[in-house]
Structure formats: C-alpha cells, structure tokens
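Read off the chains here:
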Amino acid sequence: MSIVTVQLGQCGNQIGHEVFSALCSDIRGTHGLCSKKENESYQDSCKERFFCEEESGVPVARAVLIDMEPKVISQTLSMAARSGHWKYNSHSHFCQKQGSGNNWANGYSVHGPRHKEAIMNLVQKEAEKCDRLGGFFTIMSMAGGTGSGLGAFVTQCLRDAFPTSFILNHVIWPYGTGEVIVQNYNSVLTLSHLYHSSDALLVHENDVIHKICAQLMNIKQISFRDVNQVIAHQLGSVFQPTHTAGGGSGYSRNPLGDLLEPLVPHPEFRMLGLRNIPQMPESSLAYSTFSWPGLIKHLRQILIANAHMEEGIDWQVRPPDPGSSIPSTNKPLHFNTSIANLVILRGKDVHSVDLGSFQDPSLYTSWLNPQDAFNAWKTPRAFNKYEKSAALVSNSQFLLKPLDSIVGKAWNMFASKAYLHQYTKFGIQEEDFLDCFTTLEQVISSYTNL
C-alpha cells in the first residue's frame, strides 16, 4: 500500500525533502547486510510505499507540496531533481505569493477555504496514482501560520474526502525559547484541531533534536538542515519496510494501519513520541559496535525515565512494584506510564533478540493487556549504515510536560487578551480559543491519570 505525503509550509517542505532523501539513500545503499533477495524485496516495498516509477527510471515521490510563498517549494523541487536519484512530480505543488504571516487564523480561515479546491485536486490526483492507498502522512510545524493553520484545515479536508483512510500528522514542536511570539497560540489551535481529525500525531520537539545534534552528532554550528536530517533519519527508521509480528514472510503491506492500530487503542490518546538508538555521526560508525541486549536495555530505560536519547538517562527510575499504589521511591515518581509501545529492530541477528522486558505489565496502564500493548517489528536489513539499530514509537506520557507547558503559556497570554485581535480579524473568536483549551485540558488530564 502507498502513502501520500502532504508537505505544508516551510518546515514541512524542508523536512519532507530530507525524509525522501533519507529513504532513497537507504534503499540505494549497498550496506544492507542481508541477502540479495531480502534487499530486493525491501527496495520494492519502499518504492511502492513512497515513490512511483517514471519511464526514465527516476523514482518520483508520492507527495503534494503546499506553501503560501514560492521560495521554499522551488528550492525543494530543484534540490530533489539535482540529486539525480529521485524527484518530485513537477505538477504536484501549490504555492501563492503572500505567506500567512505566522498567523494560524490566516492559514486556517483565509488561505484554507480560498484554495481548498486546488489543493484537494492535487491530493486526489496523487491518491489516484496509488494501486492501493494506505493513507496520508502530513508534515507540518505548529509555530507558524501556513504549516499550522493551513495544515489543520487541509487535515480536516482529508478526513472529509477520505473518511476511511489513515491520517498521521507529523508535527514539529517549536523551540521552548520561542521562534514566533504567538507560537503558543498557534500550537494550541493546531493540536486541538488535529485531535479531532487525525488518527494520531507523531511529534518531534525541536529542543530535543537540537540536543541530539549537539551531544550525539557533535555538530558545532547547528543548522535547521542538521535538525531536519536527524528527524528524517528517525522517521525513516519507522517507515522503511519491516516484518510485522503476524505478517508472515513478506514485508508489511499496510504501514500506516499497522502502526496506528496497535498504538492508538483509544481516541482520547493520540500523541506518539519517537526515540532512536544508536545515533552518531557517520564517521564514528566504523569504530562502534553494539550488542542487542545493551541497546534494548538502554531503549527500555529511555522509555520508563522519559529520556530523550541514550546520553544522560536517569537510571534511578524504576517501574512501580506490581500491585503497589505507593511510589517506589520517596522523590516524586518520574516514571513514564505507557498505553502502547512499538519497537522496531533493524540489522544483524534481529530474530534472536529478547524483548521480554518491554512486556512487563508495570510499564503499562491497567486497562490494556501487556500482550496487546506491546508490538515488535523486525528486519535483518540494516538501516542507513547502522549495523544494528532500534526505534521506539510510544504512546505514553512522553509529551505531557511539553503539552502542559505550551497550554499554560498560551492561557497566560489569552487571559490578558494579548494579540487576540490578530486572530479575531480573521474570524477566530474567543469562544474558539476556549474550545481548544477545553480539548487540550481534557487530553492533559487523560494522560496524567494513566
């Protein structure tokens, strides 16, 4: 089944480009460390998901590019074409001249309705090229105007036009220190609208990725491109083909469905976080060896201690003893409770790996059976030059703190009516804000009470 990617705004288009580049360089690589037959079926499966073949033999990304200003899209199209390894369809993009001025309401209430027909026509054309449409993957930031406002509008249109297709929104959480003065408003409006129309939100926090670039990748002057490449690597580690638990011998045919069905068992809980191990500069790979038990031990501690990467994990955090309601330590328990987890293993000897530690009932909320709450996908095909690598997609309390913080900041601004006129002039009223706060307060409360 194929996935149609919808890239929205400057951030969405730049990340989308890096994602397709990462997928393409991975399938072209000779570093698969697996049999020729395995490698070929992996390549075919990836191409079916993300690319369609042209007569020229150059894979064309199954993507629609949308922005309200032309600069980023024209750069993205030409960078892809120059690579010579893949390209975008020259007709699958939509841009205007004026931008959204970092205003969610402008993207949602003005640009969205005005350009709905043109945008949805492009999406429909891409969807019709798929033999079987597996769903939509949108990439957008929450801080600005086009990605967030227009992104929320387009997601609603996708839900109306394709009521039975899966929709996964990949959302970039803004830097805490701020990129845009109204980013907290834009974020609250985006998240609450996506919660109603999307199947799940897969979130990357800029602050976290920035730390990974600094501490694990040893990059001195970190650019947006560095950040985007780490994000693309992490997304590739989830979306490249794998064998699912009950999938028989072939690669999973329904990537979005296989991802979302086990991870989102309840509509109140749609926030997914992603962690990868190991992550390092390419130059260090040749000097590094990893064992599966070591990687799994670290990944499990990253999960239960809510760590962002393998450096600086708090090893003191332990799961609560079964049946005890008293925290197992005297300090407030930093334990991260999960609803559902998916571990994806790629590389050498994956089939001998013991993942029993992730099936411990104390990691999960009491209303789901641990056998249902945990899933594992595996493939002997290595990813992106890593001999062994693991990814964790988790529906847990990973995003509780950042969500609580962003809602709190937005509420403080809202209480003093700061900048509200910027939104009301495009028809987003105070009641709309209050509805959004109510939606997110409910989400916060649900995750808190796990």
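Procedures and definitions
Residues numbered from 1 in each chain as written. Predicted model: local features only at pLDDT ≥ 70, side-chain atom pairs only at ≥ 80, totals over all residues. Heavy atoms only, no water. Buried < 20%, exposed > 50% of the residue type's maximum accessible area, 1.4 Å probe, protein only. Helix = DSSP H or I, 4+ residues; strand = E, 2+ residues; numbered from the N terminus. Pairing = 2+ DSSP bridges. Disulfide = S-S within 2.5 Å. Phe/Tyr/Trp six-rings, centres within 6.5 Å; stacked < 30°, edge-to-face > 60°. Lys NZ or Arg CZ within 6 Å of the ring centre and 35° of its normal. 1 Å grid on protein atoms, 1.4 Å probe; cavity = no way out; pocket = protein on both sides within 12 Å on 5 of 7 lines; lining within 4 Å. Points joined across faces, edges and corners; volume = space filled by probe spheres on them. Nonpolar A, V, L, I, M, F, W, Y, C, P; charged D, E, K, R; others polar. Domains from an automatic or database assignment. Contact = heavy atoms within 4.5 Å. Axes fitted to C-alpha atoms, helices over the stretch in contact; angles between N-to-C directions. Expected span 1.5 Å × (residues − 1).

### Some words on the pairing of strand 7 (residues 133-141)
Remark: a regular strand shows side chains that alternate across the two faces of the sheet. Taking burial as the measure, the 9 residues of strand 7 include 8 buried ones, the bulk of the element. Strand direction decides the pairing type here: strand 1 (residues 2-8) and strand 7, joined by 6 bridges, are parallel. In the strand pairing of strand 7, Thr-5 is matched with Phe-137. Here strand 7 pairs with strand 8 (residues 166-173) via 7 bridges, running parallel. Residue pairing for strand 8: Ile-139 is matched across the bridge by His-170.

### A few points about the state of the cysteines
A full pass over the atoms with the stated rule returns 0 disulfides. Not part of a disulfide, Cys-130 finds its nearest cysteine sulfur in Cys-52, a span of 7.6 Å.

### Considering the packing of aromatic side chains
If you walk through the whole model with that rule in mind, you get 22 aromatic pairs. Among the aromatic residues, those joined into a cluster by ring pairs are Phe-20, Phe-50, Phe-51, Trp-86, Tyr-88, Phe-137 and Phe-239. Directly above the ring of Phe-383 sits Arg-346, whose terminal nitrogen or CZ lies 5.7 Å from the centroid.

### A few points about unusual backbone geometry
Look at the link from Ile-277 to Pro-278: it is a cis peptide, with omega at -10°. For Pro-278, the location among the structural elements is in the loop between strand 10 (271-277) and helix 10 (282-285). Of note in this structure, Asp-349 is not a glycine but carries a positive phi near 60°. Following the sequence through the fold, Asp-349 ends up in the loop between strand 11 (338-347) and helix 12 (370-373). For Asn-384, which is not glycine, the phi dihedral falls at a positive 50°.

### Quick look at the layout of surface pockets
Of the voids in this model, the largest pocket is the one considered here, and its volume is about 780 Å³. Considering the residues around the largest pocket, the lining is formed by 34 residues, among which Asn-306, His-308, Phe-398, Lys-401 and Pro-402 are closest to the centre. Top element by residues in the lining of the largest pocket is helix 13 (residues 400-415). It accounts for 7 residues. Looking at the lining of the largest pocket residue by residue, the classes come out as 15 nonpolar, 11 polar and 8 charged. Space inside the second largest pocket adds up to approximately 630 Å³. Surrounding the second largest pocket, 26 residues form its lining, Ala-22, Gln-229, His-233, Glu-282 and Asn-384 being those nearest its centre. Elements with a minimum of two residues in the lining of the second largest pocket: helix 1 (9-28), helix 3 (70-83), helix 8 (224-239) and helix 10. In terms of residue count, the dominant contributor to the lining of the second largest pocket is helix 1 (7 residues). Among the residues making up the lining of the second largest pocket, the classes are represented as 12 nonpolar, 8 polar and 6 charged. Taken domain by domain, the lining of the second largest pocket gets at least three of its residues from each of domain 1 (2-271) and domain 2 (282-397).

### Points about the domain arrangement of the chain
Segmenting the chain into domains produces domain 1 (2-271), domain 2 (282-397) and domain 3 (401-449). The C-alpha-based centres of domain 2 and domain 3 are spaced at 33 Å.

### A look at the sheet that holds strand 5 (residues 87-88)
Reading across the sheet, the 3 strands line up as 2-3-5 and stay open at both edges, with mixed pairing between neighbours. Of all the strands in the sheet, the pair left with one neighbour each is strand 2 (51-53) and strand 5. Pairing of strand 3 (residues 59-61) with strand 5, which is carried by 2 bridges, proceeds in the parallel orientation. Considered in strand 5, the bridge of Ala-61 is made with Tyr-88. Along the sheet face, helix 2 (residues 36-50) touches strand 2 and strand 3 and points at about 100° away from the line of strand 2.

### Topic: helix 13
Over its 16 residues, helix 13 runs 22 Å from end to end, which matches the ideal 22 Å to within 8%, given 1.5 Å per residue. Of the surrounding elements, those touching the buried residues of helix 13 are strand 8, helix 6 (183-197), strand 9 (200-205), strand 10, helix 14 (420-424) and helix 15 (430-448). Residue Lys-417 follows helix 13 closely and has a positive phi angle near 60°.

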